[in-house]
Amino acid sequence: MKFNGLMKKIAVATVLGASSITAMAGGLDGEAVDSALTKLSTHLTASGVGDLAKSIKTDFTLAPYQEKVDGESFPVLFADSYFLTTATGDGLIRPNAMYVSSGGKLVPASDILTPILIESSKGNWISHELPEGVAYAGDLYVVTDPTCGYCKMVEKELDHYLDQGIVVHYIPFPRSGIEGARKQQPGYQRWLQALCSDNPAVAYREITLGDTTTYADAVNKEGCSGDMIDSGYKLGRSIGVNGTPFMYLTTVDGKSTKVPGYKPYADILGDVGITISQ
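These notes cover the structure that comes with them. (Residues numbered from 1 in each chain as written. Predicted model: local features only at pLDDT ≥ 70, side-chain atom pairs only at ≥ 80, totals over all residues. Heavy atoms only, no water.)

### So, the state of the cysteines
Right, so step 1: Enumeration over the complete set of coordinates arrives at one disulfide.
Right, so step 2: Sulfur-sulfur distance for the disulfide between cysteine 196 and cysteine 224 comes to 1.9 Å. Residues cysteine 196 and cysteine 224 share a disulfide whose torsion about the S-S bond is about 80°; that sign makes it right-handed. Here the residue cysteine 196 occupies a position in the loop between helix 7 (186-195) and helix 8 (200-208), and cysteine 224 occupies one in the loop between helix 8 and helix 9 (227-238), the gap between them amounting to 28 residues.
Right, so step 3: Take cysteine 224: its relative accessible area is 24%, and that puts it in the partly exposed class. (Disulfide = S-S within 2.5 Å. Helix = DSSP H or I, 4+ residues; strand = E, 2+ residues; numbered from the N terminus. Buried < 20%, exposed > 50% of the residue type's maximum accessible area, 1.4 Å probe, protein only.)

Structural data, given as structure tokens:
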């Protein structure tokens, strides 16, 4: 598959359908969604995409997304990434490039879709437990690579999050990729060492902070698997992550913030109303 050529064809389809990618009153029922997918598949096939067009589909994100958005846009999964389309099925657009009406204001569609995808994955990742006596206040999801310099800075600030009741979850995302020989690169291999150790979250932190020897033999453990790495990488790609770290913080009182890159812990916590005493 010539993916670059495919994306160029998608871009053309998006431009042709741009007038339909707007927020409209009302919602879409199942029949309307199916009709839109059929039209979209037809348009993509005519653009030269071929059999890949038949793979376009909706998933569990459809209902939660439509509950939060005013209008007829909805998410579709295509080529392992999320796009948005409408009832006419005339175009595709990236979630971070489309603004939709939600709660009386316009926001990037990615601000609606990304939390749905990440929060629905809770329980799939390795996590740090809160210190004894600290009340649970929220969750921080970190899409991360142990060879990433800014990811190391996040690890240095880990205790500040935990002390505030924020459970930290790691979503594996080796920047070198997960296909074929790329699994032999340090980003993937160090992630594998962490996941196959007795305490994966602690191991990941120590590996990221510079310990590249203690856990080296963990990959030889029976049953050692990189399935979580593959799942994390695919999730990251599906929400548009192209670098690490990528952080998403959500609190028990419904506040959240999304950080594509590194940001000091005090600033991130401040974004959701948690003030750190200096």
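Moving on from the coordinates now.
### Some thoughts on the packing of helix 7 against helix 8
Right, so step 1: Contact geometry of helix 7 with helix 8 gives a least axis separation of 7 Å together with a crossing angle of 145°. Residues Arg190, Trp191, Gln193, Ala194 and Leu195 of helix 7 lie in contact with helix 8, whose contacting residues are Pro200, Ala203, Tyr204 and Ile207.
Right, so step 2: Of the residues in the contact of helix 7 with helix 8, the class split is seven nonpolar, one polar and one charged. (Axes fitted to C-alpha atoms, helices over the stretch in contact; angles between N-to-C directions. Contact = heavy atoms within 4.5 Å. Nonpolar A, V, L, I, M, F, W, Y, C, P; charged D, E, K, R; others polar.)

### Overview of the layout of surface pockets
Right, so step 1: In this structure, the largest pocket occupies an estimated 1,200 Å³ of space.
Right, so step 2: Taken together, 40 residues line the largest pocket, and the ones lying closest to its centre are Asp80, Ser81, Lys234, Arg237 and Ser238.
Right, so step 3: The set of elements that each furnish at least two residues to the lining of the largest pocket consists of strand 2 (81-85), helix 4 (110-119), helix 9 and strand 9 (256-260).
Right, so step 4: The element that contributes the greatest number of residues to the lining of the largest pocket is helix 9, accounting for six residues.
Right, so step 5: Its residues placed into classes, the lining of the largest pocket shows 19 nonpolar, 14 polar and seven charged.
Right, so step 6: Around the second largest pocket, the lining is made up of 14 residues, and of these Lys68, Asp111, Pro115, Tyr248 and Ser256 lie nearest the centre.
Right, so step 7: Secondary-structure elements contributing two or more residues to the lining of the second largest pocket are strand 4 (105-108), helix 4 and strand 8 (246-251).
Right, so step 8: For the lining of the second largest pocket, the leading source of residues is helix 4, giving five residues. (1 Å grid on protein atoms, 1.4 Å probe; cavity = no way out; pocket = protein on both sides within 12 Å on 5 of 7 lines; lining within 4 Å. Points joined across faces, edges and corners; volume = space filled by probe spheres on them.)

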